[in-house]
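Residue strings, one per chain:
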Amino acid sequence: MKPDSTGLPDFINGAKIWETVNSTAEIEPAHVHDILAKAAEAKGLSLEETASLLQVEDRELNEAIFETARKVKQGIYGNRMVLFAPLYITNECSNCCAYCGFKAGNKELLRRTLTADEIRREVSVLEDQGHKRLLLVYGEHPKFGAEWIAETVRNVYDTVSEKSGEIRRVNINCAPLDVDGFRKLHDVGIGTYQCFQETYHREIYAALHPSGHKKDFLWRLHAMHRAMKAGIDDVGMGTLLGLYDYRFDTIALLSHAAELEDKFGVGPHTLSFPRLEPALNSEIAFNPPFPISDAQFKRLVAVLRLSVPYTGLILSTRENKDMRRELLDLGVSQLSAGSRTYPGAYSDPDYDRPDVQQFCIGDNRSLEEVISEIVEHGYVPSWCTACYRAGRTGEHFMELAKKGFIQEFCHPNALLTFKEYLLDYAHASTQVKGNSLIGHELECFSEKRRGKVAEKLDRIDHGERDLYL
Ligand code: SAM
Ligand code: SF4
């Protein structure tokens, strides 16, 4: 299939985005406080307001942004943290993205595409660790069409074992498909379709993607429109930070989100903000042309939380453990853990494989280690997939989320999935910490809700699984 973007409108107006960014360069402290007062109501921010907050360098004002982000995050999501792992299916790719280890022509990279049996083996390893939600990741190659991708999803869902359980939600990060292709993914029951525009700057995009399908900026820009037309209403978007000015790309990303909201009544389910990491034979990955500092990065996450309060924010293991820890409070709602970035990695005892992986990761800890740490900080790990399986997705999900549904349902469901984890996969020390956290959380519920949740926890203790409200 050759992409054809002929006639597709370019709704990203670069000049206007720069105007928005530049117009907010000199912002008065009083104006920052006004914006934060609005943000505290969790009703979101305009592009101008978002751009204004991104410019704030003053230490005290920054702290005020962080404080507001922490409150908004706590108010909407509480202390729940959704966990998942990426599963690389193939690193074969015919695109030439300058920043990626998988790029075509990278002769030193060992190419590998998992067979159905190898997929099952990888899934079994992840299930043994306790994972219930996976993000499947693919290079783009003419050998692999939508039907093939759909089959790999079936392989994952079919890998069920009495001892280790099953994967309950498969999300996908693959190259953009046409509407028929997306329909195949929808029919096979994917959760979120995820695709990053990388950068919204047309010239930079062209320079970084010199050949292959990905060269076509507009085909990629309209990927989410096609996915939504095909019935996939949870979509995940992002930009790759380090390629271009992060303020420009953030405002462009949010304009993209607004375009979807305008056309389809719902914006993205999640946003991602990966920073460039070293990759084999990629000069740009080692020396990003527009590096974003740690301070700017933290501010960006906090500002996104305020700008789109009900949109999930995903943090990967590209970041190191200390940065991840800080960002949880500032706005992140989903975390990958125990990740590896090459096909076959989970069945491989080595984790650092520059000869085959996409990029280096910053947090190499196991799922158990990540859980142990976040529980100590009072977070409840969640593998809940209830909404997606009950059809509460897209617009419907956002409506419910805005009515406080997340606390009402997601929180109890998080506890139920966490209880399963503690019983089936956790080390003894994590069990002790985890059970004590569950006990504490139950005390915070109303009597009626506590009764309902306690009854289900008891059934889980007695061997039932996959219970949710
Ligand atoms: N091949 C598909 C595509 O490009 O859309 C999907 C999978 S690709 C492996 C997933 C994402 O990895 C890309 O969209 C890009 O943002 C990110 N990525 C690529 N190279 C990276 C690097 N060196 N550091 C961090 N992230 C990178
Ligand atoms: Fe291929 Fe995706 Fe890597 Fe580009 S980012 S080279 S399309 S795997």
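Above this text is the structure in question.
Residues numbered from 1 in each chain as written. Chains lettered and ligands numbered in written order. Predicted model: local features only at pLDDT ≥ 70, side-chain atom pairs only at ≥ 80, totals over all residues. Heavy atoms only, no water.

**Looking at the site of ligand 2**
Next up, step 1: Surrounding ligand 2, one finds Cys 93, Asn 95, Cys 97, Cys 100, Phe 102, Lys 103, Gly 139 and Lys 214.
Next up, step 2: Taken together, the residues of the shell around ligand 2 sort by class into four nonpolar, two polar and two charged. (Near = heavy atom within 4 Å. Nonpolar A, V, L, I, M, F, W, Y, C, P; charged D, E, K, R; others polar.)

**Points about the nonpolar core**
Next up, step 1: Ranked by internal contacts, the top residues of the largest apolar core, which has 123 residues, are Leu 136, Ile 172, Leu 185, Tyr 193 and Phe 418.
Next up, step 2: Each of domain 1 (74-387) and domain 2 (404-461) gives at least three residues to this core.
Next up, step 3: Residue contacts for Leu 185: discarding those within four places in its chain leaves Ala 146, Ile 149, Ala 150, Ile 172, Cys 174, Leu 177, Ile 190 and Ile 232.
Next up, step 4: In terms of nonpolar packing, the next biggest core, distinct from the first, is built from 21 residues, Phe 84, Leu 243, Ala 279 and Leu 280 among them. (Core = buried A, V, L, I, M, F, W, Y, C linked by side-chain atoms within 4.5 Å. Buried < 20%, exposed > 50% of the residue type's maximum accessible area, 1.4 Å probe, protein only. Domains from an automatic or database assignment. Contact = heavy atoms within 4.5 Å.)

**A word on the site of ligand 1**
Next up, step 1: In the vicinity of ligand 1 there are 20 residues, among which Tyr 99, Glu 198, Lys 214, Arg 220 and Gln 358 approach most closely.
Next up, step 2: Taking Tyr 138, its main chain carries an N or O atom lying 2.9 Å from a nitrogen atom of ligand 1.
Next up, step 3: A distance of 3.2 Å separates an oxygen atom of ligand 1 from a polar atom in the side chain of Gln 358.
Next up, step 4: Across the complex, the protein chains shield 96% of the 560 Å² of accessible surface that ligand 1 would expose by itself.
Next up, step 5: Looking at the shell around ligand 1 residue by residue, the classes come out as eleven nonpolar, three polar and six charged. (Polar contact = N/O pair within 3.5 Å; in protein donor to acceptor, adjacent residues only side chain to side chain. Areas by Shrake-Rupley, 256 points an atom, 1.4 Å probe, with all protein chains shown as cover.)

**Considering the packing of aromatic side chains**
Next up, step 1: Per the counting criterion, the structure on display carries twelve aromatic pairs.
Next up, step 2: With a centroid separation of 4.7 Å and an interplanar angle of 65°, the aromatic rings of Phe 182 and Tyr 193 are classed as edge-to-face. Here Phe 182 is found in helix 7 (residues 179-187), whereas its partner Tyr 193 is found in strand 4 (residues 193-194), with eleven residues between them in sequence. Both residues of the pair, Phe 182 and Tyr 193, count as buried.
Next up, step 3: Pairing Trp 383 with Tyr 421 gives two aromatic rings, centres 5.0 Å apart and planes at 15°, and the pair type is stacked. Separated by 38 residues along the polypeptide, Trp 383 in the loop between strand 9 (380-382) and helix 16 (386-389) and Tyr 421 in helix 18 (residues 405-424) bring together distant segments of the chain.
Next up, step 4: Tyr 421 gets classed as buried once you look at its relative accessible area, which sits at 2%.
Next up, step 5: Counting every residue linked through ring pairs, the aromatic cluster contains Trp 18, Tyr 244, Phe 248 and Phe 290.
Next up, step 6: Just above the ring of Trp 219 sits the side chain of Arg 226; from NZ or CZ to the centre is 3.5 Å.
Next up, step 7: The lysine or arginine in question, Arg 275, covers the ring of Phe 297, its NZ or CZ lying 4.2 Å from the ring centre. (Phe/Tyr/Trp six-rings, centres within 6.5 Å; stacked < 30°, edge-to-face > 60°. Helix = DSSP H or I, 4+ residues; strand = E, 2+ residues; numbered from the N terminus. Lys NZ or Arg CZ within 6 Å of the ring centre and 35° of its normal.)

**Notes on a negative patch on the surface**
Next up, step 1: A cluster of acidic residues, Asp 233, Glu 261, Asp 262, Glu 395 and Glu 399, forms a negative patch on the protein surface.
Next up, step 2: Elements with a contribution of two residues or more to the negative patch: helix 11 (246-264) and helix 17 (394-402).
Next up, step 3: With respect to the helices, strands and loops of the structure, Asp 233 is situated in the loop between helix 10 (223-229) and strand 5 (235-238).
Next up, step 4: When its relative accessible area of 30% is taken as the criterion, Asp 233 is described as partly exposed. (Patch = residues over 30% accessible without salt bridge, like charges linked within 9 Å, V, L, I, M, F, W, Y side chains within 5 Å. Salt bridge = Lys/Arg side-chain N within 4 Å of Asp/Glu carboxyl O. Lys, Arg positive; Asp, Glu negative; His and termini not counted. Charge placed at Lys NZ, Arg CZ, Asp CG, Glu CD.)

**A word on the pairing of strand 2 (residues 133-138)**
For a regular strand, side chains alternate in direction, first toward one face of the sheet and then toward the other.
Next up, step 1: With six of its six residues buried, strand 2 lies for the most part within the structure.
Next up, step 2: Burial along strand 2 is two-sided: Arg 133, Leu 135 and Val 137 facing one way and Leu 134, Leu 136 and Tyr 138 facing the other are all buried.
Next up, step 3: Between the parallel elements strand 1 (residues 80-90) and strand 2, the chain passes through helix 5 (residues 116-129) in a crossover that is right-handed.
Next up, step 4: In the classification by handedness, the crossover that spans strand 2, the intervening helix 6 (residues 146-158) and the parallel strand 3 (residues 169-173) is right-handed. (Right-handed = clockwise from strand over helix to strand, strands pointing away.)

**Some thoughts on helix 7**
Next up, step 1: Burial in helix 7 covers these residues: Gly 181, Phe 182 and Leu 185. All buried residues of helix 7 lie within an arc of 95° about the axis, which places them on one face of the element.
Next up, step 2: Where helix 7 is buried, its residues meet helix 6, strand 3, strand 4 and helix 10.
Next up, step 3: Among the residues trailing helix 7, Gly 189 stands out with phi positive, at a value near 90°. (Arc of directions from axis to C-beta.)

**Section: helix 15 (residues 367-376)**
Next up, step 1: Counting buried residues along helix 15, eight of its ten residues qualify, which places the element largely inside the surrounding structure.
Next up, step 2: Taken residue by residue, helix 15 has Leu 367, Glu 368, Val 370, Ile 371, Ser 372, Glu 373, Ile 374 and Val 375 as its buried positions.
Next up, step 3: Downstream of helix 15 by a residue or two, Gly 378 has a phi angle that is positive, lying close to 85°.

**Some points on the packing of helix 3 (residues 47-54) against helix 13 (residues 294-307)**
Next up, step 1: The geometry of helix 3 relative to helix 13 is characterised by a closest axis approach of 10 Å and an angle of 155° between their N-to-C directions. Regarding the angle of helix 3 to helix 13, the classification is roughly antiparallel. Relative to helix 13, the crossing made by helix 3 is right-handed. Contact residues: helix 3 offers Thr 50, Leu 53 and Leu 54, while helix 13 offers Arg 299, Leu 300, Val 303, Leu 306 and Ser 307. (Axes fitted to C-alpha atoms, helices over the stretch in contact; angles between N-to-C directions. Parallel < 35°, antiparallel > 145°, perpendicular 65-115°, else oblique. Left-handed = near helix turned anticlockwise from the far one by under 90°.)

**Overview of the side chain of Thr 239**
Next up, step 1: Positionally, Thr 239 belongs in the loop between strand 5 and helix 11.
Next up, step 2: Apart from residues lying up to four places away in sequence, Thr 239 is in contact with Glu 198, Tyr 200, Asp 249, Leu 253, Ser 272, Phe 273 and Pro 274.

**Section: the state of the cysteines**
By definition, a disulfide links two cysteine residues through a covalent bond between their sulfur atoms.
Next up, step 1: Tallied over the full model, the rule gives zero disulfides.
Next up, step 2: Cys 410 provides the cysteine sulfur closest to Cys 384, a residue in no disulfide bond, and the two sulfurs are 6.1 Å apart.
Next up, step 3: A relative accessible area of 7% means that Cys 410 is categorised as buried. (Disulfide = S-S within 2.5 Å.)

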